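# Structural characterization, general
Take a look at the letters that make up each chain.
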Amino acid sequence: MTMTIQEFQQHIKDKYGARDAERGTPATYMWFIEEVGELASALQDIDHKNKEEEFADVFAWLCTLANINGVNLSKALQDKYFKDGGPKGFK
Ligand SMILES: [Mg+2]
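The structure reproduced in this document is the subject of the present report.

What counts as what
Starting afresh in each chain, residues are numbered from 1 along the sequence in its written order. Only residues with pLDDT of at least 70 get local features here, since the model is predicted, and only at 80 or more are side-chain atom pairs given and counted; chain-wide, interface and lining totals rely on the full set of residues. Computation of side-chain values: all heavy atoms of the structure, hydrogens and water removed. Structural elements are reduced to axes, namely lines fitted to C-alpha atoms, with helices fitted over the stretch in contact, and the angle between N-to-C directions of any two is expressed from 0 to 180 degrees. Put simply, DSSP H or I for four residues or longer makes a helix, DSSP E for two residues or longer makes a strand, and each gets a number counted from the N terminus. Relative orientations are named as follows: roughly parallel for angles under 35 degrees, roughly antiparallel for angles over 145 degrees, roughly perpendicular for angles from 65 to 115 degrees, and oblique for any other angle. Here a crossing is taken to be left-handed if its near helix is turned anticlockwise relative to the far helix by less than a right angle, and right-handed if that turn runs clockwise. Here, two residues are considered to be in contact whenever any of their heavy atoms come within 4.5 Å of each other. Only nitrogen, oxygen and sulfur atoms qualify as donors, provided they sit within 2.8 Å of the metal or within 3.2 Å for Na, K and Ca; with water excluded from the atoms, sites may seem incomplete. Three exposure classes are used, based on accessible area relative to the maximum for each residue type with a 1.4 Å probe and protein chains only: buried under 20%, partly exposed in between, and exposed over 50%.

This paragraph deals with the packing of helix 1 (residues 5–23) against helix 3 (residues 48–68). Closest axis-to-axis distance for the helix 1/helix 3 pair is 8 Å, and the angle between their directions is 65°. Relative to helix 3, the element helix 1 is oriented roughly perpendicular. At the point where helix 1 passes helix 3, the crossing takes the right-handed sense. Contact with helix 1, carried on its side by I5, F8, Q9, I12, K13, D20, A21 and R23, involves F59, A60, W61, C63, T64, A66, N67 and I68 of helix 3 and no other residues of that element.

Right, let's get into the coordination of the magnesium ion. Surrounding the magnesium ion are the protein donor atoms E35 (OE), E38 (OE), E54 (OE) and D57 (OD), at 2.0 to 2.2 Å. Sequence positions of the residues that donate to the magnesium ion give the spacing E-x2-E-x15-E-x2-D. On the criterion of sequence distance, the pair formed by E38 in helix 2 (residues 25–43) and D57 in helix 3 is long-range, its members being 19 residues apart. What makes E38 partly exposed here is its relative accessible area of 30%.

Quick look at the structure:
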């Protein structure tokens, strides 16, 4: 099964959107950062399945943050990384 970033972001919105909007950005950002910490730990481990799970968690919470802030991640990625040859450096 393949899915686009937009499809996944919409899936997260459909499934958790109401609760995410109620929680708001500050608390959601804390969840996101907690998952980034879990990814940091997973990257130091040899358990590949755990790495996959933590990458998925980080991406899902990134989608949640985007959803409650009205950001279409697919569009944002295309605008920044595909237009005009992409960025010259990371900012
Ligand atoms: Mg996790």
